[in-house]
Amino acid sequence: MANLAETIQNRQADWRRLEIMINRVASGRLSAISGKQLAEMGDLYRAACADLSMAEQYRLSPEMVNYLHQLVGRAHNTIYRSRRFQVNLWWDMVFRDAPQQIFRDPCVHICAILFFGIFALSSYCAFNEEKFPGFVDNIVAQEQLRDMEEDWREMEFGRDFGTNLMAVAGYIQHNTSIGLECFAKGPLILPGLFTTSYNACVLGTMFGYMARPETDGGDKFLEFVTAHGPFELTAIALAAAAGLRIGVGILITLGLRRMDSVRRNAMAAIPVMTASGILFFLAACTEGMLSPSGLPYMFKAVWGMFCSTLLMFYFVVLGYPTERPGAT
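A. Up close: the packing of helix α5 (residues 90-104) against helix α13 (residues 297-317). One way to put it is that α5 packs onto α13 with a least axis distance of 7 Å and a crossing angle of 80°. With respect to α13, the element α5 is oriented roughly perpendicular. Of the residues in α13, those in contact with V94, F95, A98, P99, I102 and F103 of α5 are Y314, F315 and V316. Across the contact of α5 with α13, the residue classes break down as nine nonpolar, no polar and no charged.

This is the structure:
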(Lines give C-alpha, C1' and ligand atoms only; values in the text may rest on other atoms or scores of the structure.)
Protein backbone atom coordinates (compact mmCIF):
# COMPACT_ATOMS: atom_id res chain seq x y z
CA MET A 1 0.00 0.00 0.00
CA ALA A 2 2.95 2.31 0.54
CA ASN A 3 3.92 1.93 -3.09
CA LEU A 4 0.34 2.55 -4.14
CA ALA A 5 0.15 5.73 -2.07
CA GLU A 6 3.41 6.93 -3.63
CA THR A 7 2.09 6.19 -7.11
CA ILE A 8 -1.10 8.13 -6.44
CA GLN A 9 0.92 11.04 -5.09
CA ASN A 10 3.07 11.10 -8.23
CA ARG A 11 0.07 10.89 -10.54
CA GLN A 12 -1.70 13.89 -9.03
CA ALA A 13 0.55 16.33 -10.91
CA ASP A 14 -0.67 14.86 -14.23
CA TRP A 15 -4.27 15.09 -13.06
CA ARG A 16 -3.82 18.76 -12.28
CA ARG A 17 -2.14 19.30 -15.65
CA LEU A 18 -5.07 17.64 -17.42
CA GLU A 19 -7.57 19.69 -15.42
CA ILE A 20 -5.76 22.93 -16.33
CA MET A 21 -5.86 22.04 -20.04
CA ILE A 22 -9.56 21.16 -19.83
CA ASN A 23 -10.32 24.50 -18.17
CA ARG A 24 -8.30 26.33 -20.83
CA VAL A 25 -10.34 24.72 -23.58
CA ALA A 26 -13.61 25.27 -21.70
CA SER A 27 -12.92 29.01 -21.68
CA GLY A 28 -12.69 29.05 -25.47
CA ARG A 29 -12.36 26.34 -28.08
CA LEU A 30 -10.03 23.43 -28.73
CA SER A 31 -8.15 25.63 -31.20
CA ALA A 32 -6.99 27.61 -28.16
CA ILE A 33 -4.29 24.99 -27.65
CA SER A 34 -1.69 23.75 -30.11
CA GLY A 35 -1.66 20.37 -31.81
CA LYS A 36 1.24 19.30 -29.61
CA GLN A 37 -0.72 20.22 -26.48
CA LEU A 38 -3.75 18.36 -27.83
CA ALA A 39 -1.60 15.24 -28.21
CA GLU A 40 -0.41 15.74 -24.62
CA MET A 41 -4.02 16.04 -23.49
CA GLY A 42 -4.79 12.74 -25.18
CA ASP A 43 -1.91 11.05 -23.38
CA LEU A 44 -3.00 12.50 -20.04
CA TYR A 45 -6.57 11.41 -20.70
CA ARG A 46 -5.55 7.82 -21.39
CA ALA A 47 -3.33 7.81 -18.30
CA ALA A 48 -6.23 9.13 -16.19
CA CYS A 49 -8.43 6.30 -17.51
CA ALA A 50 -5.81 3.81 -16.32
CA ASP A 51 -5.63 5.58 -12.95
CA LEU A 52 -9.40 5.37 -12.60
CA SER A 53 -9.31 1.64 -13.30
CA MET A 54 -6.57 1.23 -10.70
CA ALA A 55 -8.51 3.29 -8.13
CA GLU A 56 -11.59 1.12 -8.57
CA GLN A 57 -9.58 -2.11 -8.47
CA TYR A 58 -7.83 -1.23 -5.19
CA ARG A 59 -11.00 0.32 -3.72
CA LEU A 60 -9.47 3.70 -2.98
CA SER A 61 -11.46 6.40 -1.24
CA PRO A 62 -14.86 7.25 -2.79
CA GLU A 63 -13.75 10.89 -3.04
CA MET A 64 -10.74 9.99 -5.22
CA VAL A 65 -12.72 7.61 -7.40
CA ASN A 66 -15.44 10.22 -7.88
CA TYR A 67 -12.83 12.87 -8.72
CA LEU A 68 -11.23 10.64 -11.36
CA HIS A 69 -14.66 9.78 -12.79
CA GLN A 70 -15.40 13.47 -13.23
CA LEU A 71 -11.93 14.21 -14.62
CA VAL A 72 -12.09 11.39 -17.18
CA GLY A 73 -15.65 12.37 -18.16
CA ARG A 74 -14.72 16.03 -18.66
CA ALA A 75 -11.62 15.09 -20.64
CA HIS A 76 -13.62 12.75 -22.89
CA ASN A 77 -16.28 15.37 -23.55
CA THR A 78 -13.63 18.00 -24.23
CA ILE A 79 -11.67 15.93 -26.75
CA TYR A 80 -14.61 14.30 -28.52
CA ARG A 81 -17.31 16.90 -28.05
CA SER A 82 -17.85 17.72 -31.76
CA ARG A 83 -16.48 17.31 -35.25
CA ARG A 84 -16.11 21.07 -35.59
CA PHE A 85 -13.86 20.93 -32.55
CA GLN A 86 -11.46 18.69 -34.48
CA VAL A 87 -11.63 20.61 -37.76
CA ASN A 88 -10.60 23.83 -36.07
CA LEU A 89 -7.20 22.26 -35.31
CA TRP A 90 -6.33 21.37 -38.89
CA TRP A 91 -4.61 24.65 -39.67
CA ASP A 92 -2.32 24.39 -36.65
CA MET A 93 -1.59 20.70 -37.17
CA VAL A 94 -1.00 20.91 -40.95
CA PHE A 95 0.87 24.20 -41.18
CA ARG A 96 2.83 24.23 -37.92
CA ASP A 97 3.19 20.89 -36.16
CA ALA A 98 3.59 18.67 -39.24
CA PRO A 99 6.27 20.71 -41.08
CA GLN A 100 8.21 21.29 -37.85
CA GLN A 101 8.17 17.59 -37.03
CA ILE A 102 9.34 16.72 -40.55
CA PHE A 103 12.01 19.42 -40.45
CA ARG A 104 13.45 18.05 -37.17
CA ASP A 105 13.34 14.38 -38.16
CA PRO A 106 16.90 13.02 -38.70
CA CYS A 107 15.48 10.24 -40.89
CA VAL A 108 14.18 12.87 -43.30
CA HIS A 109 17.60 14.52 -43.35
CA ILE A 110 19.35 11.21 -44.07
CA CYS A 111 17.00 10.13 -46.86
CA ALA A 112 16.84 13.59 -48.46
CA ILE A 113 20.63 13.92 -48.57
CA LEU A 114 21.05 10.34 -49.77
CA PHE A 115 18.38 10.47 -52.46
CA PHE A 116 19.03 13.92 -53.90
CA GLY A 117 22.80 13.58 -53.51
CA ILE A 118 22.94 10.32 -55.48
CA PHE A 119 20.40 11.64 -57.97
CA ALA A 120 22.49 14.76 -58.67
CA LEU A 121 25.77 12.81 -58.83
CA SER A 122 24.30 10.19 -61.19
CA SER A 123 22.84 12.90 -63.41
CA TYR A 124 26.20 14.61 -63.66
CA CYS A 125 28.07 11.38 -64.43
CA ALA A 126 25.51 10.32 -67.04
CA PHE A 127 25.53 13.73 -68.71
CA ASN A 128 29.31 14.04 -68.84
CA GLU A 129 30.20 11.09 -71.07
CA GLU A 130 33.76 12.25 -71.68
CA LYS A 131 34.75 12.14 -68.00
CA PHE A 132 32.68 9.06 -67.14
CA PRO A 133 32.61 6.79 -70.21
CA GLY A 134 30.47 3.72 -69.81
CA PHE A 135 28.72 4.99 -66.68
CA VAL A 136 25.26 4.94 -68.25
CA ASP A 137 25.73 1.43 -69.66
CA ASN A 138 26.59 0.11 -66.19
CA ILE A 139 23.37 1.50 -64.69
CA VAL A 140 20.72 1.24 -67.41
CA ALA A 141 20.48 -1.41 -70.13
CA GLN A 142 21.09 -0.27 -73.72
CA GLU A 143 17.72 -1.67 -74.80
CA GLN A 144 15.94 0.45 -72.20
CA LEU A 145 17.83 3.54 -73.35
CA ARG A 146 16.86 2.91 -76.99
CA ASP A 147 13.22 2.49 -75.99
CA MET A 148 13.35 5.75 -74.06
CA GLU A 149 14.79 7.65 -76.99
CA GLU A 150 12.19 6.22 -79.35
CA ASP A 151 9.29 6.96 -77.00
CA TRP A 152 10.34 10.55 -76.40
CA ARG A 153 11.19 11.16 -80.06
CA GLU A 154 7.61 10.22 -80.96
CA MET A 155 6.10 12.09 -78.01
CA GLU A 156 3.41 14.59 -79.06
CA PHE A 157 2.23 17.30 -76.69
CA GLY A 158 -1.36 18.50 -76.59
CA ARG A 159 -3.17 15.21 -75.88
CA ASP A 160 -6.93 15.25 -75.37
CA PHE A 161 -8.41 15.59 -71.89
CA GLY A 162 -9.71 12.01 -71.69
CA THR A 163 -6.31 10.52 -72.43
CA ASN A 164 -4.67 12.79 -69.86
CA LEU A 165 -7.24 11.83 -67.24
CA MET A 166 -6.56 8.13 -67.77
CA ALA A 167 -2.83 8.82 -67.59
CA VAL A 168 -3.24 10.38 -64.13
CA ALA A 169 -4.41 7.03 -62.72
CA GLY A 170 -1.48 5.25 -64.35
CA TYR A 171 1.01 7.75 -62.98
CA ILE A 172 -0.47 7.45 -59.48
CA GLN A 173 0.02 3.68 -59.61
CA HIS A 174 3.55 3.91 -61.02
CA ASN A 175 4.83 6.68 -58.77
CA THR A 176 3.34 5.34 -55.58
CA SER A 177 4.75 1.87 -56.31
CA ILE A 178 8.25 3.38 -56.12
CA GLY A 179 7.42 5.21 -52.91
CA LEU A 180 5.77 2.18 -51.32
CA GLU A 181 8.79 0.04 -52.16
CA CYS A 182 11.08 2.52 -50.40
CA PHE A 183 8.67 2.75 -47.46
CA ALA A 184 8.13 -1.02 -47.13
CA LYS A 185 11.86 -1.77 -47.06
CA GLY A 186 12.64 1.18 -44.79
CA PRO A 187 11.97 -0.71 -41.52
CA LEU A 188 14.75 -3.11 -42.53
CA ILE A 189 17.06 -0.04 -42.64
CA LEU A 190 19.87 -1.31 -44.92
CA PRO A 191 17.56 -2.71 -47.64
CA GLY A 192 15.54 0.50 -47.42
CA LEU A 193 18.60 2.70 -47.82
CA PHE A 194 19.81 0.52 -50.71
CA THR A 195 16.43 0.74 -52.49
CA THR A 196 16.37 4.51 -52.05
CA SER A 197 19.92 4.81 -53.39
CA TYR A 198 19.17 2.50 -56.30
CA ASN A 199 16.09 4.46 -57.38
CA ALA A 200 17.99 7.73 -57.07
CA CYS A 201 20.85 6.35 -59.16
CA VAL A 202 18.61 4.99 -61.94
CA LEU A 203 16.40 8.07 -62.11
CA GLY A 204 19.42 10.38 -62.06
CA THR A 205 21.17 8.38 -64.77
CA MET A 206 18.13 8.51 -67.04
CA PHE A 207 17.77 12.23 -66.42
CA GLY A 208 21.43 12.94 -67.19
CA TYR A 209 21.41 10.77 -70.31
CA MET A 210 18.27 12.37 -71.71
CA ALA A 211 19.72 15.83 -70.97
CA ARG A 212 22.60 15.26 -73.39
CA PRO A 213 22.32 17.55 -76.42
CA GLU A 214 22.76 14.66 -78.86
CA THR A 215 20.10 12.38 -77.31
CA ASP A 216 17.01 11.95 -79.49
CA GLY A 217 13.90 13.22 -77.74
CA GLY A 218 15.90 14.78 -74.94
CA ASP A 219 14.33 18.20 -75.36
CA LYS A 220 10.83 16.72 -75.11
CA PHE A 221 11.84 14.71 -72.05
CA LEU A 222 13.08 17.81 -70.24
CA GLU A 223 9.93 19.71 -71.13
CA PHE A 224 7.82 16.86 -69.80
CA VAL A 225 9.56 16.36 -66.43
CA THR A 226 10.10 20.03 -65.55
CA ALA A 227 6.62 20.63 -64.14
CA HIS A 228 6.11 17.55 -61.97
CA GLY A 229 9.71 16.62 -61.05
CA PRO A 230 9.91 18.56 -57.74
CA PHE A 231 6.79 16.89 -56.33
CA GLU A 232 7.68 13.37 -57.47
CA LEU A 233 11.30 13.32 -56.30
CA THR A 234 10.49 14.86 -52.92
CA ALA A 235 7.68 12.33 -52.40
CA ILE A 236 10.07 9.41 -52.95
CA ALA A 237 12.56 10.77 -50.41
CA LEU A 238 9.80 11.31 -47.82
CA ALA A 239 8.40 7.80 -48.32
CA ALA A 240 11.86 6.36 -47.67
CA ALA A 241 12.22 8.54 -44.56
CA ALA A 242 8.89 7.33 -43.16
CA GLY A 243 9.97 3.70 -43.51
CA LEU A 244 13.36 4.44 -42.00
CA ARG A 245 11.69 6.12 -39.01
CA ILE A 246 9.88 2.87 -38.20
CA GLY A 247 13.11 0.92 -38.63
CA VAL A 248 14.86 3.20 -36.16
CA GLY A 249 12.09 2.45 -33.67
CA ILE A 250 12.84 -1.26 -33.98
CA LEU A 251 16.58 -0.80 -33.55
CA ILE A 252 16.73 2.03 -30.99
CA THR A 253 14.11 1.76 -28.25
CA LEU A 254 15.37 4.48 -25.85
CA GLY A 255 14.37 2.36 -22.85
CA LEU A 256 10.88 1.53 -24.12
CA ARG A 257 9.56 -1.91 -24.89
CA ARG A 258 10.24 -2.71 -28.53
CA MET A 259 6.58 -2.66 -29.54
CA ASP A 260 6.03 0.64 -27.73
CA SER A 261 9.07 2.09 -29.49
CA VAL A 262 7.78 0.92 -32.87
CA ARG A 263 4.34 2.34 -32.11
CA ARG A 264 5.79 5.73 -31.12
CA ASN A 265 7.98 5.92 -34.21
CA ALA A 266 5.10 4.82 -36.43
CA MET A 267 3.08 7.75 -35.08
CA ALA A 268 6.02 10.04 -35.85
CA ALA A 269 6.13 8.65 -39.40
CA ILE A 270 2.48 9.49 -40.13
CA PRO A 271 3.05 13.20 -41.04
CA VAL A 272 6.00 12.22 -43.25
CA MET A 273 4.07 9.53 -45.11
CA THR A 274 1.00 11.77 -45.40
CA ALA A 275 3.09 14.51 -46.99
CA SER A 276 4.61 11.93 -49.34
CA GLY A 277 1.18 10.67 -50.40
CA ILE A 278 -0.08 14.19 -51.09
CA LEU A 279 3.00 14.98 -53.16
CA PHE A 280 2.63 11.75 -55.15
CA PHE A 281 -0.96 12.72 -55.94
CA LEU A 282 0.03 16.25 -56.97
CA ALA A 283 2.88 14.88 -59.08
CA ALA A 284 0.54 12.45 -60.86
CA CYS A 285 -2.02 15.17 -61.57
CA THR A 286 0.67 17.48 -62.93
CA GLU A 287 2.33 14.69 -64.91
CA GLY A 288 -0.96 13.58 -66.41
CA MET A 289 -2.56 16.97 -67.14
CA LEU A 290 0.06 19.72 -67.38
CA SER A 291 3.28 17.99 -68.49
CA PRO A 292 1.86 16.54 -71.75
CA SER A 293 -0.23 19.61 -72.54
CA GLY A 294 0.43 21.96 -75.41
CA LEU A 295 1.12 24.90 -73.11
CA PRO A 296 4.39 26.79 -73.71
CA TYR A 297 7.48 25.39 -72.03
CA MET A 298 7.98 28.68 -70.19
CA PHE A 299 4.70 28.12 -68.35
CA LYS A 300 5.77 24.61 -67.32
CA ALA A 301 9.17 25.89 -66.18
CA VAL A 302 7.55 28.62 -64.10
CA TRP A 303 5.20 26.03 -62.60
CA GLY A 304 8.15 23.81 -61.72
CA MET A 305 9.93 26.73 -60.02
CA PHE A 306 6.73 27.63 -58.18
CA CYS A 307 6.37 24.04 -56.92
CA SER A 308 9.99 23.99 -55.75
CA THR A 309 9.50 27.30 -53.93
CA LEU A 310 6.30 25.99 -52.35
CA LEU A 311 8.10 22.90 -51.07
CA MET A 312 10.94 24.98 -49.64
CA PHE A 313 8.46 27.28 -47.92
CA TYR A 314 6.48 24.43 -46.37
CA PHE A 315 9.31 22.17 -45.24
CA VAL A 316 11.94 24.80 -44.38
CA VAL A 317 10.24 28.14 -43.62
CA LEU A 318 7.20 26.68 -41.86
CA GLY A 319 9.25 23.75 -40.61
CA TYR A 320 11.90 25.81 -38.87
CA PRO A 321 11.18 25.44 -35.12
CA THR A 322 9.52 28.45 -33.53
CA GLU A 323 9.97 26.99 -30.07
CA ARG A 324 12.27 24.50 -28.39
CA PRO A 325 11.30 20.89 -29.16
CA GLY A 326 10.58 20.15 -25.50
CA ALA A 327 8.56 23.29 -24.82
CA THR A 328 4.92 22.99 -23.89
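The discussion continues.
B. Geometry of the side chain of E149. You can see E149 is positioned in helix α8 (residues 142-153). For the buried E149, which has no salt bridge, the nearest side chain bearing the opposite charge is R153, at an N-O separation of 5.0 Å. Residue contacts for E149: discarding those within four places in its chain leaves Y209, T215 and D216.

C. Representation of the environment of Y45. In this fold, Y45 is placed in helix α2 (residues 35-57). On the basis of relative accessible area, Y45 is assigned to the buried category, the value being 12%. In this structure the C-alpha to C-alpha distance between Y45 and A268, which are 223 residues apart in sequence, comes to 20 Å. Excluding residues within four positions of it along the chain, Y45 makes contact with L18, V72, A75, H76, I79 and Y80.

Rules behind the numbers
Residues numbered from 1 in each chain as written. Predicted model: local features only at pLDDT ≥ 70, side-chain atom pairs only at ≥ 80, totals over all residues. Heavy atoms only, no water. Axes fitted to C-alpha atoms, helices over the stretch in contact; angles between N-to-C directions. Helix = DSSP H or I, 4+ residues; strand = E, 2+ residues; numbered from the N terminus. Parallel < 35°, antiparallel > 145°, perpendicular 65-115°, else oblique. Contact = heavy atoms within 4.5 Å. Nonpolar A, V, L, I, M, F, W, Y, C, P; charged D, E, K, R; others polar. Buried < 20%, exposed > 50% of the residue type's maximum accessible area, 1.4 Å probe, protein only. Lys, Arg positive; Asp, Glu negative; His and termini not counted. Salt bridge = Lys/Arg side-chain N within 4 Å of Asp/Glu carboxyl O.

As far as function goes, none of this settles anything; it's purely spatial.
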